[in-house]
Amino acid sequence: MQFSDRDILADMLTGTKMISTGYHMAVLEAANDRVRNTLIHINNEEMNTQKQIFDLMHSRGWYPLDPVFTGTPMGPEATNIRGPEGPMGRMAPGMGPAQM
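Residues numbered from 1 in each chain as written. Predicted model: local features only at pLDDT ≥ 70, side-chain atom pairs only at ≥ 80, totals over all residues. Heavy atoms only, no water.

Colleague: How do you make sense of the overall build of the protein chain when you look at a structure like this?
Modeller: Of the regular secondary structure elements, the protein chain holds 3 helices and 0 strands. Each helix (α) and strand (β) of the protein chain, taken in turn from the N terminus, gives the series α-α-α. Considering the protein chain as a whole, with its 100 residues, one finds that 13% of them fall into the buried category. In the protein chain, once contacts between residues fewer than 6 apart in sequence are set aside, the share between residues at least 24 apart is 49%. (Helix = DSSP H or I, 4+ residues; strand = E, 2+ residues; numbered from the N terminus. Buried < 20%, exposed > 50% of the residue type's maximum accessible area, 1.4 Å probe, protein only. Contact = heavy atoms within 4.5 Å.)

Colleague: Could you clarify how one ought to interpret the packing of aromatic side chains in this entry?
Modeller: A ring pair, where both rings are aromatic, is described by two values, the distance of the centres and the angle of the planes. Tallying each qualifying case throughout the model produces 1 aromatic pair. A centroid spacing of 5.1 Å and a plane angle of 80 degrees characterise the contact between phenylalanine 54 and tyrosine 63, whose relative ring orientation is edge-to-face. Relative accessible area serves as the criterion here: at 29%, tyrosine 63 is assigned to the partly exposed category. (Phe/Tyr/Trp six-rings, centres within 6.5 Å; stacked < 30°, edge-to-face > 60°.)

Colleague: Honestly, helix H2 (residues 33–59) in this entry has me stumped. Any pointers?
Modeller: One turn of the α-helix equals 3.6 residues, which is why residues spaced by three or four share an orientation. Taking 1.5 Å as the rise per residue, H2 with 27 residues should run 39 Å; its terminal C-alpha atoms sit 38 Å apart, in good agreement. Looking at the buried side of H2, the elements it contacts are helix H1 (5–29). The opening residue of H2 is asparagine 32, an N-cap whose side-chain oxygen sits 2.8 Å from the backbone nitrogen of arginine 34. Of the residues flanking the end of H2, it is glycine 61, one or two places downstream, whose phi is positive at about 80 degrees. (Expected span 1.5 Å × (residues − 1). Polar contact = N/O pair within 3.5 Å; in protein donor to acceptor, adjacent residues only side chain to side chain.)

Colleague: Help me out: how do you make sense of the nonpolar core in this one?
Modeller: Soluble globular proteins: nonpolar side chains tend toward being buried together. By size, the foremost hydrophobic cluster in this structure holds 5 residues: Leu9, Leu13, Ile53, Phe54 and Met57. Of all the secondary structure elements, the ones that give two or more residues to this core are H1 and H2. (Core = buried A, V, L, I, M, F, W, Y, C linked by side-chain atoms within 4.5 Å.)

Colleague: Any chance you could explain the side chain of glutamate 46 here in plain terms?
Modeller: Mapping glutamate 46 onto the fold places it in helix H2. Despite its burial, glutamate 46 remains without a salt bridge, the nearest opposite charge being carried by lysine 17 at 12 Å. Leaving out residues up to four positions away in the same chain, glutamate 46 has contacts with Thr16, Ile19 and Ser20. (Lys, Arg positive; Asp, Glu negative; His and termini not counted. Salt bridge = Lys/Arg side-chain N within 4 Å of Asp/Glu carboxyl O.)

Colleague: Explanation requested: H1 in the structure shown.
Modeller: Counted at 1.5 Å a residue, the expected span for H1 with its 25 residues is 36 Å, and the 36 Å between its end C-alpha atoms agrees. Along H1, the residues that are buried comprise Leu9, Leu13, Thr16, Ser20 and Val27. Contacts made by the buried residues of H1 are with H2.

Colleague: Even after reading the chapter, I still don't get the side chain of threonine 16, so can you show me in this structure?
Modeller: Summarising the element assignment, threonine 16 is placed in helix H1. Accessibility expressed as a relative area gives 6% for threonine 16, which makes it buried. Beyond its immediate sequence surroundings of up to four residues, threonine 16 is in contact with Glu46, Thr49, Gln50 and Ile53.

Shown next, in the form of structure tokens:
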């Protein structure tokens, strides 16, 4: 199987997002200021890389955006993303407040 340029860039974009999330968590947990500042610097570089990949994909029409941003927050009804309570507003089995 051969991957297209779009497939490769989408994979790279996903990877940079995951890596940045890891660095972000490390920054939040760092007790040493020198380590924390280094992690912030590395994460900023990762976010710049992510932006470059996004810009390239967007310029090729591979990451389209809505041309008008209304400023309206996108809730679960628009994104189809649900929390642990599930789509009906009830807690999923085994998901009490302690697990959230």
